[in-house]
Amino acid sequence: MKILVTAATPFEIQPFLDHLAKQNYPDCQITTLIGGIGMMHTAFQLGRQLTKMRPDIAIQAGIAGCFDHSWEIGKVVIIDKEQVGDLGVEDDHAFKDLFDIQLWQPDMPPFTNKQLVNPLDNLPFIPELPRVSGVTINTVSGSERTRNLLVEKYAPEVESMEGAAFHYACLLEKIPFLQFRSISNYVEVRDKSKWNIPLAVRTLNESLIKYIEQWN
Ligand SMILES: O=C(O)c1cccc(C(=O)CC[C@H]2O[C@@H](n3cnc4c(=O)[nH]cnc43)[C@H](O)[C@@H]2O)c1
């Protein structure tokens, strides 16, 4: 079983990397890829890696923001659908995405009704974690205006900078995939003092290690 585990930055999966250095999994060949922050880096690095090794399963692991203040920081979820939240045109005060201006069609592959949906097929196990919807942007949202715009337009639960690129590449390459995200902050007016990245990294890596352990 060939497994690719990718993250935007090394610190997000460092505990998992440390675990791999100590643990031998004879039934799995695990490759890790640090793809960089944002959709452009992720798409290029991942596209190249998927072609090179064609994994049986690709896993993306990362921290993220969430829109619902009732969620606890450190909560880990699986993203089952993704939307691209900042690719389009500005029309005075309105943002129109590529579907709105008919440059993309809602069911243009690999989209299903404007979303990049993970069918969660051909995976030996699916983790028992909440399944939620994600929006991907290239700039971390940090104002009420952007937050409201995204909520009204995409009704997302989680925001990241790479998720949609990962879904897009895996769907086009027909590689089974899973996106793990752990909540490090709320999507709100930027206040870095309220973020808890160490907690999010810890819970993310605990879930990732638990998932990999199930194979062995
Ligand atoms: O501003 C800083 O000083 C700073 C320091 C460390 C990390 C950051 C990030 O913005 C992390 C971006 C990284 O994490 C994901 N992420 C985490 N929270 C969010 C969010 O609210 N919205 C979008 N992405 C988020 C993202 O996928 C990046 O890979 C800043």
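Residues numbered from 1 in each chain as written. Predicted model: local features only at pLDDT ≥ 70, side-chain atom pairs only at ≥ 80, totals over all residues.

Engineer: Which residues make up the UniProt feature "domain: Nucleoside phosphorylase" (unreviewed entry) in the chain, and what values do they have?
Structural biologist: UniProt marks residues 24-211 with the feature "domain: Nucleoside phosphorylase" (unreviewed entry), using the numbering shown here. The straight-line gap between the two end C-alpha atoms of residues 24-211 is 15 Å; of that span, 28% is helix and 29% is strand. (UniProt positions renumbered as here; feature names shortened; annotations may be inferred. Helix = DSSP H or I, 4+ residues; strand = E, 2+ residues; numbered from the N terminus.)

Engineer: Describe the site of the ligand, with residues and values.
Structural biologist: Close to the ligand lie 15 residues; A8, G65, E159, S160 and M161 are nearest. Taken together, the elements giving at least two residues each to the shell around the ligand come down to β3 (57-66), β9 (158-160) and β10 (177-186). Per-element accounting of the shell around the ligand gives the leading share, 4 residues, to β3. Residue composition of the shell around the ligand, grouped by class: 7 nonpolar, 5 polar and 3 charged. (Near = placed C-beta within 6 Å. Nonpolar A, V, L, I, M, F, W, Y, C, P; charged D, E, K, R; others polar.)

Engineer: Outline the packing of helix α2 (residues 39-53) against helix α4 (residues 163-173), listing residues and values.
Structural biologist: Helix-helix packing: each pair is described by the crossing angle between the helix axes and the interaxial distance. Packing of α2 against α4 brings their axes to within 8 Å, and their N-to-C directions diverge by 30 degrees. Here α4 runs roughly parallel to α2, going by the angle between their axes. Relative to α4, the crossing made by α2 is right-handed. Across the interface between the two elements, M39, T42, A43, L46, G47 and L50 of α2 pack against A164, A165, F166, Y168, A169 and E173 of α4. Taken together, the residues of the contact of α2 with α4 break down into 9 nonpolar, 2 polar and 1 charged. (Axes fitted to C-alpha atoms, helices over the stretch in contact; angles between N-to-C directions. Parallel < 35°, antiparallel > 145°, perpendicular 65-115°, else oblique. Left-handed = near helix turned anticlockwise from the far one by under 90°. Contact = placed C-beta atoms within 7 Å.)

Engineer: So what's going on with the nonpolar core? Which residues, and what values?
Structural biologist: Ranked by size, the top nonpolar core spans 48 residues in total, and within it A58, I59, A61, A165, A169, F180 and L204 carry the most contacts. At 7 residues, β3 tops the list of elements feeding residues into this core. (Core = buried A, V, L, I, M, F, W, Y, C linked by C-beta atoms within 7 Å. Buried ≥ 20, exposed ≤ 12 C-beta atoms within 10 Å, placed from the backbone.)

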